[in-house]
Amino acid sequence: MLSKVPASKDSKVLLINPPMSMEEQAGKSSMEVVTNILPSLGIGYIAAVLEENDIAVEVIDCQPLNIDHEELRKELKRKEADVIGITATTLSFPSAVKTAVEAKKECSDSYIVIGGPHITAAPETTMAHGCFDAGVYGEGEVTFLELIQKIGAGEDLKNVKGLYLRKNGKTYFTGHRPFIQNLDKLPFPARHLFPPLSSYHPTSASCRSEPLATIMSSRGCPNKCTFCDRKIFGNVTRLRSVDNILDEMEEVIYKHGAREIKFFDDTFTLDKNRILDLCKGISERGIDIEWSCLTRVNAVSQELLKEMRRAGCWQILFGLESGDQKMLNRMKKGITLSMSRRAVYWARNAGLNIRACFVIGTPGETSDSINRTIEFAKGLDLDAVNFYAFVPLPGTEIYDNLV
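Described below are features of the structure shown in this document.

Another aspect to go through is the sheet that holds strand S11 (residues 260–263). The parallel open sheet is built from six strands, whose spatial order is S8-S11-S12-S13-S14-S15. Two strands in the sheet have a free side with no partner beyond their single neighbour: strand S8 (212–215) and strand S15 (384–389). Adjacent strand axes in the sheet meet at a mean angle of 20°, parallel and antiparallel pairs treated alike.

And the structure:
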């Protein structure tokens, strides 16, 4: 449990994952049918920390309930929250801006806070929109809790680390907040404040037993891929204990009805011994559920993959990215084509379903390197393949270089 510092007055908090249509996510294409709609673990964790500190909090997750901006505007007026927190990725940021503008109209006395990946990747341009009173930079749990406590006590926010604040038309940063080192101190996400898991829609390529629950067993990634933004959780991996993970697995199964679990760690198998212990714990507790994970080809072994399969893992997602070694090197992926072939071979021998991701069009790409990637993918024994068109996202090394 995080340290508890009561506010001097009750503050009603509303956390929002803003509206986003299938077309906004996938464009006008048949890809709409495979769009992922999953609960936001970020606001789930923040809501849980607020509840743990006796702060009244509600969540509006617009996407699973098909709540559009008109309906959200009516909800904002009804809720009359003191603080409204809005999460946003770069893709959903325009919707977050529209939500904040509507909140200012309907709840003129509310304090509007933006959080999530986009503010951390591009804080200055985010705050320049002028519709946000504050922005949470990086991990949000402790920062947002202290913000609420300071507002409740009528105190200045300048001493709350991790905030971008607007004052007299200008933006200033209160300073970096250290990462949370002991993740076991965090409560599990407040899933009871969200729609039921059955309301969500995971893509069919990565799920075969709904409802699906998502879990993060670690934070931070030590790798340096140029197309990836690591600013929220940093470059140092912090790991939850095996018992803590097992407890959350049991909660999503027995309390929330999950029939499958997806681990959303950047590199789930970074610590192989921890995952071996997790597999052992799943067996010892009699946890009977299928699960999947994301990881890297240089972070697995044949023994590990076999144990994962025995413990219920049905699918593994590898970020292979390219079938051209020069492109992998340019991306600073830190893997070789032979590593990819070996990991796919091991996973197949272990009986796992194998999904792979490739990205097309990063700087330096040519028609020849694209064709090599396609042929490489065709030559592997894969069950599902995702080809992504390169998008330079704020906060990434490629984005900064292109700018």
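Back to the text.
So, about the sheet that holds strand S5 (residues 134–136). Taken together, seven strands build an open sheet; the order of strands is S2-S1-S3-S4-S5-S6-S7 and the sheet is mixed. With one partner strand each, in any of the chains shown, strand S2 (57–61) and strand S7 (170–173) form the two edges of the open sheet. Averaged over all neighbouring strand pairs, the angle between strand axes comes to 20°, with direction disregarded. Both strand S1 (residues 13–17) and S2 contribute to a ladder of five bridges, which runs parallel. Bridging across to S2, Leu 15 finds its partner in Val 59. Those strands touched by helix H2 (residues 41–52) are S1, S2 and strand S3 (83–87), and its axis lies near 170° from that of S1.

Below, the discussion takes up the environment of Glu 210. One can find Glu 210 in the loop between S7 and S8. Judged by its relative accessible area of 39%, Glu 210 is partly exposed. When near neighbours in sequence (up to four residues on either side) are disregarded, Glu 210 contacts Tyr 200, Pro 202 and Arg 259.

Residues Met 249, Phe 263, Leu 278, Trp 291, Met 308 and Phe 318 are the most contacted members of the largest nonpolar core, which totals 47 residues. Counting residues per element, this core draws most heavily on helix H8 (residues 242–254), which supplies six residues. Discounting chain neighbours no more than four positions away, the residues touching Met 249 are Ile 215, Ile 261, Phe 263, Leu 278, Ile 282, Ile 287 and Ile 289. Counting residues in each nonpolar core, the second largest holds 32 residues, with Val 13, Ile 46, Ala 47 and Leu 186 among its members.

Analysis parameters
Residues numbered from 1 in each chain as written. Predicted model: local features only at pLDDT ≥ 70, side-chain atom pairs only at ≥ 80, totals over all residues. Heavy atoms only, no water. Pairing = 2+ DSSP bridges. Helix = DSSP H or I, 4+ residues; strand = E, 2+ residues; numbered from the N terminus. Axes fitted to C-alpha atoms, helices over the stretch in contact; angles between N-to-C directions. Contact = heavy atoms within 4.5 Å. Buried < 20%, exposed > 50% of the residue type's maximum accessible area, 1.4 Å probe, protein only. Core = buried A, V, L, I, M, F, W, Y, C linked by side-chain atoms within 4.5 Å.

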